[in-house]
Amino acid sequence: MTPPDAARWRALCLGALALFLVLSAGAALGTLPGDIAVRALVRGYIGSEAGSLFHGVNHGGTWLVLLPATALLFAVSPHARRRWWLWCAVLVLAPNIENGWKLLVARTRPEGPAFGFPSGHATAAAAYVVSALYLLGRAPLGRGGRVALGAVVVVVLGLGVGAARLALDAHWVSDVVGGWALGTACASGAAWWDASREATAHATPPAASGRLERRAAD
């Protein structure tokens, strides 16, 4: 039986993967319902020039921010340091999948000939956000500290980066949602694997328990 914590991350992984594949199939055919309307809404609200705030937040989906943010995550989370290779692999693998997937879907951005589905910034940011939420939940911090750090990560690196990509007219909204789904699937898959290993390590088989008790009695 899958442990409850691992089961939750498995459900998130499979749900995000299913959403990503559905969006990919639709994006391969062109713009999706809502893409044009959301772009018109954003353009009408912001105008032709995005402010400096969006340009700054946009860096949250690049290694300029994600590399030091990962180092900070390792500093506050012993659990992250224990399997550091797993979380580094997630943060490297997700953007590489995104790069190849762009060529497979081959849908252009709102402006220019470059392919845009899924958004690389959104993918990288989501992979970090979900990894951070999993690891902060196991960090030796108070509940208030975990909630505060988690909220900052979600708002700035999750929602903020996605909003910046739309404000800069770099992507359709489905590109951003697709990036969020891909990054979430990758990171929650790692969390699923890690939580399963953690539960297995803490579970002592009955036979082994009996042997330990007999040895203690001897």
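Quick look at the structure, then. (Residues numbered from 1 in each chain as written. Predicted model: local features only at pLDDT ≥ 70, side-chain atom pairs only at ≥ 80, totals over all residues. Heavy atoms only, no water.)

### A look at the side chain of glutamate 98
And step 1. Inspection of the secondary structure assignment puts glutamate 98 in helix α6 (residues 84-105).
And step 2. On the accessibility criterion, glutamate 98 (5% relative accessible area) is buried.
And step 3. Setting aside anything within four residues of it in sequence, one finds glutamate 98 in contact with Pro118, Ser119, Gly120, Thr123 and Leu182. (Helix = DSSP H or I, 4+ residues; strand = E, 2+ residues; numbered from the N terminus. Buried < 20%, exposed > 50% of the residue type's maximum accessible area, 1.4 Å probe, protein only. Contact = heavy atoms within 4.5 Å.)

### Let's talk about the side chain of serine 131
And step 1. Structurally, serine 131 can be placed in helix α7 (residues 120-136).
And step 2. The exposure class of serine 131 is buried, given its relative accessible area of 2%.
And step 3. Excluding anything up to four places from it in sequence, serine 131 contacts Trp87, Val90 and Ala187.

### With respect to helix α2 (residues 35-46)
And step 1. In this model, α2 (twelve residues) spans 16 Å end to end at C-alpha, consistent with the 16 Å of a helix rising 1.5 Å per residue.
And step 2. Of all the positions in α2, only Asp35, Val42 and Arg43 are classed as buried. Looking down the long axis of α2, one finds its buried residues gathered within 100° of arc, a one-sided arrangement. Of the exposed residues in α2, those oriented more than 90 degrees away from the buried face are Ala37, Leu41, Gly44 and Tyr45. (Expected span 1.5 Å × (residues − 1). Arc of directions from axis to C-beta.)

### With respect to α7
And step 1. Over its 17 residues, α7 runs 24 Å from end to end, which matches the ideal 24 Å to within 8%, given 1.5 Å per residue.
And step 2. Among the 17 residues in α7, 16 count as buried, and that is most of the element.
And step 3. Sitting at the amino-terminal end of α7 is serine 119, which places a side-chain oxygen 3.5 Å from the backbone nitrogen of histidine 121. (Polar contact = N/O pair within 3.5 Å; in protein donor to acceptor, adjacent residues only side chain to side chain.)

### Notes on the pattern of salt bridges
And step 1. Counted under the stated rule, the structure contains eight salt bridges.
And step 2. The shortest N-O distance in the salt bridge between aspartate 5 and arginine 8 comes to 3.2 Å. Taken as a pair, aspartate 5 and arginine 8 lie in helix α1 (residues 4-27) at a separation of three residues, close to a single helical turn.
And step 3. The class for aspartate 5 is partly exposed, based on a relative accessible area of 21%.
And step 4. Through salt bridges with shared partners, a single network forms among Asp5, Arg8 and Arg138. (Salt bridge = Lys/Arg side-chain N within 4 Å of Asp/Glu carboxyl O.)

### Looking at the packing of α6 against α7
And step 1. Between α6 and α7, the least distance of the axes is 9 Å, while the angle of their chain directions is 155°. Classed by the angle they form, the pair α6 and α7 counts as roughly antiparallel. For the crossing formed where α6 meets α7, the hand is right-handed. Residues Trp87, Val90, Leu91, Ala94, Pro95, Glu98 and Lys102 of α6 form the contact with α7, whose participating residues are Gly120, Thr123, Ala124, Ala127, Tyr128, Ser131, Tyr134 and Leu135.
And step 2. The residue makeup of the contact of α6 with α7, split by class, is ten nonpolar, three polar and two charged. (Axes fitted to C-alpha atoms, helices over the stretch in contact; angles between N-to-C directions. Parallel < 35°, antiparallel > 145°, perpendicular 65-115°, else oblique. Left-handed = near helix turned anticlockwise from the far one by under 90°. Nonpolar A, V, L, I, M, F, W, Y, C, P; charged D, E, K, R; others polar.)

### What to know about the packing of helix α4 (residues 63-76) against α7
A pair of packed helices can be characterised by two numbers: the angle between their axes and the separation between those axes.
And step 1. It is the contact of α4 with α7, at a shortest axis distance of 11 Å, that shows an interaxial angle of 10°. Comparing their axes, α7 and α4 come out roughly parallel. Of the residues in α7, those in contact with Leu66, Ala69, Thr70, Leu73 and Val76 of α4 are Ala124, Ala125, Tyr128, Ala132, Leu135 and Leu136.
And step 2. Taken together, the residues of the contact of α4 with α7 break down into ten nonpolar, one polar and no charged.

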